[in-house]
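# Residue-level structure breakdown
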Amino acid sequence: MLKYKVGTLEAVMLILTIVIVHTILSLPRDILVITSSATILNLIYITAIALCIGYFIYRLLRNFPRSRYY
Amino acid sequence: MISASIMLRNFCEGLKIIYYPMTNIVFILLMFVIAVCIANKLDFNSTLKTNLLILPLVLASIIFLFFANIQNFSPQRIFPILGHGLTETFVTGLLNLSAFGGIAYLYFLPPLLKEPQKLKKVTLLSIGMTAIYLLLCISAILFMFPSFISANEISPLYNAARYIEFGSFFQRLESIFLLFWMLAFACYLSIVTKFSMNIFKKITSISTKKPLIDIFGLLIFAIALLPENFAVSSNFESSIYPYLVLGIVFILGISILVLASWKKHKKRIVNTEEVSNE
């Protein structure tokens, strides 16, 4: 697995695979059950939080540029 | 692995209800497990390239589903704008952060990237695209179906796809959607299995992961058969999976990274002091 290097677009699609599969199943229903008609507002809110968390994870991972911990 | 297996069970139960009512669930599960075992015998790049081919089709199908159903939308369903209230929307609604469970792969990506300096771009782009995709899917379902009816217990998106029609000739296009979704699911299982095998290989220090392919395939099959019925597996996905994602991906993952960074920073300070003493 480590012989092949992943391109940028391939990496993005890799991460998207998880949410796409989950959405095909029951993720929309689960989200709508909790937040009902406020779902769109909630999605914008959690997207902002997820972007902050994602950026924080990137800043932490930047400390280990050459580590083959995996 | 466990969550992927339970999702496989959910997906196969949905397929059984929609298209294969007389077929035993074992055969439908085996269809995916055998496909995943064969895919895993190939290199990682073949899985990635296939994923790169199929996922844009799935994304395009969702965009098509959204715009094709516009005539069935009722914009009034967005009201009340705060839904069940502020607490439910902003506090309890934090559980919906589990929708961004794909962030888990960010932890494993840096050594695999062709251009590691683009990690920031990958992170922000993937989260942004996830948000847009979720917005499209959930808006389509929110505007089409009343919120007190949980659309379809199996797959709300499938139910939304059934409403697409262009005249009397182009109707019932949901089969094409299901074909793309099945391919996307096979890609997902292949990726999850590859990462799981590599983690297992690292933990056990074995030289090759080829013997693991069939074993992991059997493991997925066995775990997928564990739930007694659709209700049990659906309950796992709705009640347990969100907490797993929040606990492991967000809390545990970030804690480990913070501790490792702090340890590295402390080591750097000690080294700097030693060099300055010399």
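Residues numbered from 1 in each chain as written. Chains lettered and ligands numbered in written order. Predicted model: local features only at pLDDT ≥ 70, side-chain atom pairs only at ≥ 80, totals over all residues. Heavy atoms only, no water.

Attention now moves to the overall build of chain B. Helix and strand content of chain B: 9 helices and 2 strands. Reading chain B from its N end, one meets helices and strands in the order α-α-α-α-α-α-β-β-α-α-α. Dimensions of chain B, computed from C-alpha atoms along their principal axes, come out at roughly 85 × 50 × 35 Å. Sorting the 278 residues of chain B into buried and exposed places 47% on the buried side. Across chain B, contacts joining residues at least 24 apart in sequence account for 74% of those joining residues at least 6 apart. For chain B, the exposed area adds up to about 14100 Å²; of that, 69% sits on carbon and sulfur atoms. Considering chain B, the positive charge centre built from 21 side chains and the negative charge centre built from 13 side chains are found 8 Å apart. (Helix = DSSP H or I, 4+ residues; strand = E, 2+ residues; numbered from the N terminus. Buried < 20%, exposed > 50% of the residue type's maximum accessible area, 1.4 Å probe, protein only. Contact = heavy atoms within 4.5 Å. Areas by Shrake-Rupley, 256 points an atom, 1.4 Å probe, with all protein chains shown as cover. Lys, Arg positive; Asp, Glu negative; His and termini not counted. Charge placed at Lys NZ, Arg CZ, Asp CG, Glu CD.)

Residue and element names in this part refer to chain B. Relative to the elements of secondary structure, Leu86 occurs in helix H4 (residues 86–90). Leu86 gets classed as exposed once you look at its relative accessible area, which sits at 54%. With 58 residues separating them in the primary sequence, Leu86 and Ile28 have C-alpha atoms 43 Å apart.

Once that is clear, we can look at the layout of surface pockets. Residues and elements named next belong to chain B. If you add up the space inside the largest pocket, you get close to 1200 Å³. Together, 33 residues line the largest pocket, and Ala104, Phe108, Ile199, Ile248 and Val249 are the ones closest to its centre. Where the lining of the largest pocket is concerned, the elements lending two or more residues are helix H1 (2–18), helix H7 (174–204) and helix H9 (230–277). The element best represented in the lining of the largest pocket is H9, accounting for 10 residues. Looking at side-chain class alone, the lining of the largest pocket contains 28 nonpolar, 4 polar and 1 charged residues. (1 Å grid on protein atoms, 1.4 Å probe; cavity = no way out; pocket = protein on both sides within 12 Å on 5 of 7 lines; lining within 4 Å. Points joined across faces, edges and corners; volume = space filled by probe spheres on them. Nonpolar A, V, L, I, M, F, W, Y, C, P; charged D, E, K, R; others polar.)

In this structure, A:Ile20, B:Leu8, B:Phe100 and B:Trp181 are the most contacted members of the largest nonpolar core, which totals 115 residues. Residue contributions to this core peak at 14 residues, all from helix H5 (residues 119–144) of chain B. The residues contacting B:Trp181, other than those within four sequence positions of it, are A:Ile24, B:Phe11, B:Val58, B:Ser61, B:Ile62, B:Ser155, B:Leu157 and B:Tyr158. (Core = buried A, V, L, I, M, F, W, Y, C linked by side-chain atoms within 4.5 Å.)

Each side of the interface is counted separately: chain A has 63 residues, and chain B has 97 residues. Carbon and sulfur atoms supply 76% of the area buried between chain A and chain B, which totals about 8000 Å² over both sides. The interface formed by chain A and chain B includes 1 salt bridge. Ionic pairing is found between B:Lys49 and A:Glu10, a salt bridge with its closest N-O pair at 2.9 Å. Our enumeration of links across chain A and chain B arrives at 13 residue pairs in polar contact (both at pLDDT 80 or more). For the side of chain A that touches chain B, the elements supplying multiple residues, two or more each, are helix H1 (8–24), helix H2 (27–35) and helix H3 (39–61) of chain A. The biggest single contributor to the side of chain A that touches chain B is H3(A), with 19 residues. Split into classes, the residues belonging to the side of chain A that touches chain B amount to 43 nonpolar, 15 polar and 5 charged. (Buried area = accessible area lost by both parts, 1.4 Å probe. Salt bridge = Lys/Arg side-chain N within 4 Å of Asp/Glu carboxyl O. Polar contact = N/O pair within 3.5 Å; in protein donor to acceptor, adjacent residues only side chain to side chain.)

Glancing now at the pattern of salt bridges. Residues and elements named next belong to chain B. Within the structure shown, the criterion is met by 4 salt bridges over all chains. For Asp214, the salt bridge goes to Lys41, with nearest N and O atoms at 3.3 Å. Of the two residues, Asp214 sits in helix H8 (residues 210–225) while Lys41 sits in helix H2 (residues 25–41), which places them 173 residues apart along the sequence. On the accessibility criterion, Asp214 (40% relative accessible area) is partly exposed.

Here we take up H2(A). All names here are of chain A. Buried residues dominate H2, accounting for 8 of its 9 residues. Of the positions making up H2, those classed as buried are Leu27, Pro28, Arg29, Asp30, Ile31, Leu32, Ile34 and Thr35. One or two residues past the end of H2 sits Ser36, with phi positive at roughly 50 degrees.

Once that is clear, we can look at the confidence of the model for chain A. Here chain A averages 83 in pLDDT, and 87% of its residues register 70 or above. Considering each helix and strand of chain A separately, the mean pLDDT is smallest for H2(A), with a value of 84, and largest for H3(A), with 90. (pLDDT = per-residue confidence, 0-100.)

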